[in-house]
There are 2 protein chains.
Amino acid sequence: MKKVVVIGGGTGNFVVLRGLKKYDVDLSAIVSMADSGGSTGILRDELGVLPPGDVRQCLVALSNSSRLMRSLMNYRFENGNLGGHSVGNILLSALEKVTGSFERAVEEAGRILFIKGKVIPVTMNQVHLKMILNNRKLLEGEAEIYLSQEIDQGYKSLYLEPFPKVNPLVTAAIKQADLIVIGPGGLYTSIIPNLLVEGVVEALHNSQAKKLFVVNLMNRFGQTSGFKVKDYLAELVKFLEKDLFDFILVNKTRPPKHLIDVYAEEGELVENDVEEERVIIADLLGPIAKKSSEDRIKRNLIRHDSKKLAKEIMKIVNNL
Amino acid sequence: MKKVVVIGGGTGNFVVLRGLKKYDVDLSAIVSMADSGGSTGILRDELGVLPPGDVRQCLVALSNSSRLMRSLMNYRFENGNLGGHSVGNILLSALEKVTGSFERAVEEAGRILFIKGKVIPVTMNQVHLKMILNNRKLLEGEAEIYLSQEIDQGYKSLYLEPFPKVNPLVTAAIKQADLIVIGPGGLYTSIIPNLLVEGVVEALHNSQAKKLFVVNLMNRFGQTSGFKVKDYLAELVKFLEKDLFDFILVNKTRPPKHLIDVYAEEGELVENDVEEERVIIADLLGPIAKKSSEDRIKRNLIRHDSKKLAKEIMKIVNNL
């Protein structure tokens, strides 16, 4: 069985994993540990736990338990002191307290949710994502970076503090992989934070696996304004030290105009400017979503289709 | 397979169910819905859910899932906004929100925890326990009644408001039972609240099942001060309308003096003053417990032994 490793965090990861879950592959999800917003941020601050949010999303994506159980994990309380917290985040934090380690917490949660494959936090260190902008402003925490409108003015550095060590399960998974999928997802908040962990880039260099980059559908103003595929690649290469990608998957379908209009204040479509053999252009556009209660997805009305995405990824896997 | 129905709520129920779980009987736990203290009270107030606390304890008692899963359900957060809430309470409340009914929430939680038998809330109505004392003081809510030191001065009435209808699953379970076990547990806060629900006493009258009363080990000052077995029976008969008990199980073993001394401010041993054939006197004393994180048990250093209790109950069952 072919081994596929997916690197990211957040909704982008969720869509890839949910699609690939239906196929006969050995799946590992490597998840960024930089999340500091919303429920996750509060749990980190108040309980001193590692950030559960992105891990929860991956666990739910890979879960073979009932639809009810998956809804339960993503359910967010609306009132009172629990308001804003999702059940899955609460469960992971409690499991970390009960077992004494986040690693065991993720493992046990995977058992409770009957997941297919593995969810592997990129590091077990308690870290915070920081960014220093060209104007010397310091952005502290993933949440602040996610909301910044100034990143496109240039930044001096993006780093994790304290500098974390890679989880050894991550290097093992990367080493044994047949295909490594990076993206889609927030470039500075979900994807690159994985590459900032000591040992990850080296492991990617040493791995014999083919590497696939799934390009985002949309730019976000103030973050990746005006980015084309080449710009995304260039940003990744800055952190990867060299261009490692064997395949680049780009969507070709334009969303309906009214949806693009809805996004007009937030971002624009990513145009392709790379004409190379490794670029695969396909219809990857998801169904037009209504408001959803799933994390962040409500903000992503234009998103990848998990089935179409998985189908294209499996074409690559089957040719390996 | 013999059908055993256990009626109560709180820690007393927990001990009986945990013991009986190991035997080959068809178990149903009928649970009081009057709890309004601590985490349960906050969840009721803030989320408008039915009280999860006693149900959670019964689910955990009957659970065949891992020890870790059971610890997780009883785990209480120590800090922040989640402080004081147990994971099981949070889970039940979220399940009620996601499924839209407490009945389905309990059913699904039972599935998640691989429980043996059934946990049946005595009513699905949102109720509050109230007591009017002889001095006309009104005690509102189970928590206030639990803490009162004046009940032994006499009370005019104990009732649920609004007057609730019995859960039909309760009458069915009582009707089909071979043995019904009432107690041990807080007389006014865990046991009698079940009898205050419309239809429960009638169902008990009509049931062919043998009825067993398990007498508490200790009195609580201000509540059942000076009570002997006959006083417990008389209180129950007040609500049951007649003495329905075929068996009365009384502990004979005195706890070590230093433990009785620890309790001296809180209560005293219950003495037996009923000499009838239906009274079974046995060693039911539990191991000397250290502080435990389980609900209320830390307050019950002198408690029943679940194994000894179940053994005595099974002697009755096997002779039916």
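Residues numbered from 1 in each chain as written. Chains lettered and ligands numbered in written order. Predicted model: local features only at pLDDT ≥ 70, side-chain atom pairs only at ≥ 80, totals over all residues. Heavy atoms only, no water.

Turning our eyes to something else, we now look at unusual backbone geometry. The omega torsion of the bond from A:Gly183 to A:Pro184 falls at -5°, within 30 degrees of zero and hence cis. A positive phi angle, close to 75°, is found at A:Arg136, a residue other than glycine. The class of A:Arg136 is exposed, set by a relative accessible area of 69%. Not every positive phi belongs to a glycine, and B:Phe114 is a case in point at roughly 45°. Along the chain, the position of B:Phe114 falls in the loop between α6 (102-112) and β3 (118-121). (Buried < 20%, exposed > 50% of the residue type's maximum accessible area, 1.4 Å probe, protein only. Helix = DSSP H or I, 4+ residues; strand = E, 2+ residues; numbered from the N terminus.)

Bringing the packing of helix α1 (residues 10-20) of chain A against helix α13 (residues 306-318) of chain A into the picture now. All names here are of chain A. In contact at an axis separation of 8 Å, α1 and α13 are set at 70° when each is read in the N-to-C sense. In terms of their interaxial angle, α1 and α13 are classed as roughly perpendicular. Between α1 and α13 the crossing geometry is right-handed. Mapping the contact onto sequence places Val15, Val16, Arg18, Gly19 and Leu20 in α1 and Ser306, Leu309, Ala310, Ile313 and Met314 in α13. In the contact of α1 with α13, the residues fall into seven nonpolar, two polar and one charged. (Axes fitted to C-alpha atoms, helices over the stretch in contact; angles between N-to-C directions. Parallel < 35°, antiparallel > 145°, perpendicular 65-115°, else oblique. Left-handed = near helix turned anticlockwise from the far one by under 90°. Contact = heavy atoms within 4.5 Å. Nonpolar A, V, L, I, M, F, W, Y, C, P; charged D, E, K, R; others polar.)

So, about the pattern of salt bridges. The tally for this structure, following the rule as stated, stands at 24 salt bridges over all chains. Across the salt bridge formed by B:Asp243 and B:Arg278, the nearest N and O atoms sit 2.8 Å from each other. You can see B:Asp243 sitting in the loop between α11 (229-240) and β9 (247-251) and its partner B:Arg278 sitting in the loop between α12 (257-263) and β10 (279-282), a full 35 residues away along the chain. The class of B:Asp243 is partly exposed, set by a relative accessible area of 33%. One continuous salt-bridge network, built from bridges that share partners, spans A:Arg104, A:Glu107, A:Glu108 and A:Arg111. (Salt bridge = Lys/Arg side-chain N within 4 Å of Asp/Glu carboxyl O.)

Bringing the packing of aromatic side chains into the picture now. Under the definition given, this model contains eight aromatic pairs over all chains. Residues B:Tyr75 and B:Phe77 carry aromatic rings whose centres are separated by 5.3 Å and whose planes lie at 80° to one another, so their mutual orientation is edge-to-face. Classification of B:Tyr75 by relative accessible area gives buried; the value is 15%. Using a relative accessible area of 2% as the deciding quantity, one classes B:Phe77 as buried. Between the aromatic rings of B:Tyr155 and B:Tyr188, the centroid separation amounts to 5.4 Å while the plane-to-plane angle is 75°, which identifies the pairing as edge-to-face. Taken together, the residues B:Tyr155 in strand β6 (residues 155-161) and B:Tyr188 in helix α9 (residues 187-195) connect sequence positions 33 residues apart. Of the two residues, B:Tyr155 and B:Tyr188, neither departs from the other in class, the shared state being buried. In this arrangement the basic side chain of A:Arg220 is found over the ring face of A:Tyr146, its NZ or CZ atom lying 4.2 Å from the centre. (Phe/Tyr/Trp six-rings, centres within 6.5 Å; stacked < 30°, edge-to-face > 60°. Lys NZ or Arg CZ within 6 Å of the ring centre and 35° of its normal.)

Attention shifts here to the pairing of strand β1 (residues 3-8) of chain B. Taken residue by residue, a regular strand's side chains alternate between the two faces of the sheet. All names here are of chain B. The buried fraction of β1 is high, at five of six residues. The sheet contact formed by β1 and strand β2 (residues 26-31) spans six bridges and is parallel. From the neighbouring strand, valine 5 faces β2, where its bridge partner is serine 28. In the classification by handedness, the crossover that spans β1, the intervening helix α1 (residues 10-20) and the parallel β2 is right-handed. By the bridge criterion, four bridges tie β1 to strand β7 (residues 179-182) in an arrangement that is parallel. Paired with valine 5 across the bridge in β7 is isoleucine 180. (Pairing = 2+ DSSP bridges. Right-handed = clockwise from strand over helix to strand, strands pointing away.)

With that settled, consider the confidence of the model for chain A. Residue and element names in this part refer to chain A. Averaged over all residues, the pLDDT of chain A equals 94, while 96% of them reach at least 70. Below pLDDT 50 for its whole length, residues 292-298 participates in 14 contacts with residues either more than four positions away or in separate chains. Both scores are given for the predicted complex: the pTM is 0.93, the ipTM 0.91. (pLDDT = per-residue confidence, 0-100.)

In an α-helix, one turn spans 3.6 residues, which is why side chains three or four residues apart end up on the same side. When you tally the buried positions in α1(A), you get 10 out of 11 residues, the bulk of the element. Listed in full, the buried residues belonging to α1(A) are A:Gly10, A:Thr11, A:Gly12, A:Asn13, A:Phe14, A:Val15, A:Val16, A:Leu17, A:Gly19 and A:Leu20.

Residues and elements named next belong to chain A. The strand order β5-β4-β6 describes an open sheet built from three strands, whose pairing is antiparallel. In the strand order of this sheet, the two ends are held by β5 (138-140) and β6 (155-161), each with one partner. Averaged over all neighbouring strand pairs, the angle between strand axes comes to 15°, with direction disregarded. Sheet analysis places strand β4 (residues 128-133) next to β6, joined by six bridges and oriented antiparallel. The residue of β6 that forms the bridge with methionine 131 is leucine 158.

Residues and elements named next belong to chain B. The buried count for β2 comes to five of six residues, which makes it a mostly enclosed element. Both β2 and β3 contribute to a ladder of four bridges, which runs parallel. Of the residues in β3, the one forming a bridge with valine 31 is proline 121.

Residues and elements named next belong to chain B. Overall, parallel pairing links the seven strands, which are arranged β3-β2-β1-β7-β8-β9-β10 in an open sheet. The open sheet has two edge strands with one neighbour each: β3 and β10. With direction set aside, neighbouring strand axes in the sheet form an average angle of 20°. Looking at chain direction, β7 and strand β8 (residues 210-214) are connected through four bridges and run parallel. Within the sheet, the bridge partner assigned to isoleucine 180 lies in β8 and is lysine 211. Each of β1, β2, β3 and β7 is contacted by helix α8 (residues 168-176), which is oriented at about 125° to β3, the strand it contacts most.

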